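# Summary of structural features
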Amino acid sequence: MLVEAFIEQYSRKLGKQITSIQKETMRALQDYPWPGNVRELESVIERALILCPGPVFELVDKLEISSPPLSSTVRTLEETERNQILKTLSETRWRIEGKDGAAAILGLHPSTLRARMHSFG
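Here's a quick rundown of the structure. (Residues numbered from 1 in each chain as written. Predicted model: local features only at pLDDT ≥ 70, side-chain atom pairs only at ≥ 80, totals over all residues. Heavy atoms only, no water.)

## Considering the overall build of the chain
Definition in use: Helix and strand labels come from DSSP, where a helix needs a run of H or I of at least four residues and a strand needs a run of E of at least two; each type is numbered from the N terminus. Radius of gyration here uses only the C-alpha atoms, and the compact-globule reference equals 2.2 Å multiplied by the residue count raised to the power 0.38. Remark: exposure states derive from per-residue accessible area (1.4 Å probe, protein chains only) relative to the maximum for the residue type, with buried under 20%, exposed over 50%, and partly exposed in between. Note on areas: Shrake-Rupley, 1.4 Å probe, and residue coverage restricted to the protein chains presented here. Under the counting rule used here, the positive set is Lys and Arg, the negative set is Asp and Glu, and His together with the chain ends is not counted. Throughout, a charge is located at the NZ atom of Lys, the CZ atom of Arg, the CG atom of Asp or the CD atom of Glu.
For the chain, the helix and strand inventory stands at six helices and two strands. Secondary structure of the chain in N-to-C order comes out as α-β-α-α-β-α-α-α. Relative to the compact-globule value of 14 Å for 121 residues, the chain shows a C-alpha radius of gyration of 28 Å, a clear excess of over 25%. Put simply, the chain has 121 residues, and 24% of those count as buried. Total accessible area computed for the chain in this model is approximately 9,100 Å², and 52% of it derives from carbon and sulfur atoms. Here the chain holds 16 positive side-chain charges and 16 negative ones, and the gap between their average locations is 8 Å.

## Observations regarding the side chain of Thr 92
Note the threshold: Any pair of residues with heavy atoms lying within 4.5 Å of one another is described as a contacting pair.
Residue placement: Thr 92 occurs in the loop between α4 (77-91) and α5 (102-106). Dropping the residues within four chain positions of it, Thr 92 is found in contact with Asp 100, Gly 101, Ala 102 and Ile 105.

What follows is the structure in structure tokens.
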């Protein structure tokens, strides 16, 4: 219903006569998850109508969701925390407590740091 309403609205505004919608186009519009919601749908239809050469409505662009590729450098929070603890312990020569100890640098209580070290093995 929204597709038809937007087509009617923009075809009138652009002075175009749209008589039908391709089945593949309607299927693509229905199957797309619309992460931008109704505004994205409206923009897609307006763009398609501007570029539509004839009376049959069809999409100009392919509807695809682009997800950012996960790089091999992406780590879990647990891995990141473990690596930071190890790095800090190495820099402090494995000193946990005291003014220049790893716990103070990491902003943790020494017993909390020991518990996390234990959980990471």
